[in-house]
Amino acid sequence: MTTLNLQSRQTSELIDLTDEIRAAAASSGIREGMVLVYTPHTTAAITINENADPDVITDIINGLNQIVPSQGNYRHLEGNSAAHIKSSLVGASETLIIAEGKLVLGTWQGIFFCEFDGPRRRKVHVQVLGA
Ligand code: ZN
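Residues numbered from 1 in each chain as written. Predicted model: local features only at pLDDT ≥ 70, side-chain atom pairs only at ≥ 80, totals over all residues. Heavy atoms only, no water.

Caption draft 1: Up close: the coordination of the zinc ion. Each protein donor to the zinc ion is listed here as His76 (NE2), Glu78 (OE), Asn80 (OD1) and His84 (NE2); together their distances run 2.0 to 2.2 Å. For the zinc ion, the four donor atoms in the first shell make angles of 90 to 149° at the metal, so the coordination geometry reads as irregular. Here the donor residues for the zinc ion map to a single chain with the spacing H-x1-E-x1-N-x3-H. (Donors = N, O, S within 2.8 Å, 3.2 Å for Na, K, Ca; no water. Tetrahedral: all angles 85-135°; square planar, octahedral: opposite > 155°, others 65-115°.)

Caption draft 2: Representation of the sheet that holds strand 4 (residues 44–50) within the structure. The strand order 2-7-4 describes an open sheet built from three strands, whose pairing is antiparallel. Two strands close off the open sheet at either side, each with one partner strand: strand 2 (13–16) and strand 4. Direction aside, the axes of adjacent strands within the sheet are offset by 35° on average. Examined bridge by bridge, strand 4 and strand 7 (residues 109–115) share seven bridges and lie antiparallel to one another. Paired with Ala45 across the bridge in strand 7 is Cys114. Sitting on the sheet, helix 2 (residues 54–67) touches strand 2, strand 4 and strand 7, and the angle it makes with strand 4 is about 135°. (Pairing = 2+ DSSP bridges. Helix = DSSP H or I, 4+ residues; strand = E, 2+ residues; numbered from the N terminus. Axes fitted to C-alpha atoms, helices over the stretch in contact; angles between N-to-C directions. Contact = heavy atoms within 4.5 Å.)

Caption draft 3: Quick look at the environment of Asn65. Mapped onto the fold, Asn65 is located in helix 2. Beyond its immediate stretch of four places on either side in the chain, Asn65 contacts Ser12 and Lys86. A polar contact is formed between the side chain of Asn65 and the side chain of Lys86, at a distance of 2.5 Å. (Polar contact = N/O pair within 3.5 Å; in protein donor to acceptor, adjacent residues only side chain to side chain.)

Caption draft 4: How the structure looks around the environment of Val68. Summarising the element assignment, Val68 is placed in the loop between helix 2 and helix 3 (81–90). With 61 residues separating them in the primary sequence, Val68 and Leu129 have C-alpha atoms 35 Å apart. With residues near it in sequence (within four places) discarded, Val68 still touches Tyr74, Ala82, Ile85, Lys86 and Leu89.

Caption draft 5: Molecular detail of the nonpolar core. The biggest cluster of nonpolar side chains holds 21 residues, and the ones touching the most others in it are Leu17, Ile21, Val35, Leu103, Phe113, Val124 and Val126. Sorting the residues of this core by element identifies strand 1 (2–7), helix 1 (18–28), strand 3 (33–38), strand 4, strand 5 (93–99), strand 7 and strand 8 (121–130) as the ones contributing at least two each. Membership of the second largest hydrophobic core comes to nine residues, among which are Leu64, Phe112, Cys114 and Phe116. (Core = buried A, V, L, I, M, F, W, Y, C linked by side-chain atoms within 4.5 Å. Buried < 20%, exposed > 50% of the residue type's maximum accessible area, 1.4 Å probe, protein only.)

Caption draft 6: Expanded view of the side chain of His125. Residue position: His125 is located in strand 8. Here the side chain of His125 touches Thr3 through a polar contact of 2.9 Å, side chain to side chain.

Caption draft 7: Local environment of the pairing of strand 3. Because side chains alternate across strand 3, one face comprises the buried residues Gly33, Val35 and Val37, and the other comprises Met34, Leu36 and Tyr38, none of which is buried. Relative to strand 5, strand 3 runs antiparallel, the two being bridged by six bridges. Bridge assignment links Gly33 to a residue of strand 5, and that residue is Ile98.

Caption draft 8: Looking closely at the pattern of salt bridges. With the rule as written, the count across this model stands at two salt bridges. A salt bridge links Arg122 to Glu115; the nearest nitrogen and oxygen atoms lie 2.7 Å apart. Overall, the relative accessible area of 0% leaves Glu115 in the buried class. Measuring nitrogen to oxygen at the nearest pair gives 2.6 Å for the salt bridge that ties Asp117 to Arg120. Residue class for Asp117 comes out buried when judged on its relative accessible area of 17%. For Arg120, a relative accessible area of 31% translates into the label partly exposed. (Salt bridge = Lys/Arg side-chain N within 4 Å of Asp/Glu carboxyl O.)

Below is the structure:
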C-alpha cells in the first residue's frame, strides 16, 4: 500500500491525483490488475471526472452544494453534516483497471480527492493488485 499525504486549502476542493496514481501503478510493476484508491475520512471522497476544463470541478462543487446545503435541519453537533452527506454521496473509493502496465482512463478522465470540510491534512491509500 502507498499512502499519499495531502493538505487541502479550502472548505470544498477537488485535488487532482491522476499523476500520483499513475506513478503508484507504474512503480508496482503490475501489468494486468487493478488499483484501489481509498480515503479513510468521513468528510472527504474520491471521484473520477474531467480534468481538462477546471470549470467542471467548480460546477461539481457548486452542484453538490445545491443538493446538500451547508445549513439544514441537521442533528450532528459538529456542524459538518453536509460534508458527511457529500462524502457518502460521492464515495470513499474508486477502482481502476491496469492493462498492459498502464492505468486505463478515458481521455478526459482524472482521479480526484474531494475535500468537503477543509482545510485539513488528509490521507489517500493506494493499493495495487494483480500480476
Ligand atoms: Zn462531523
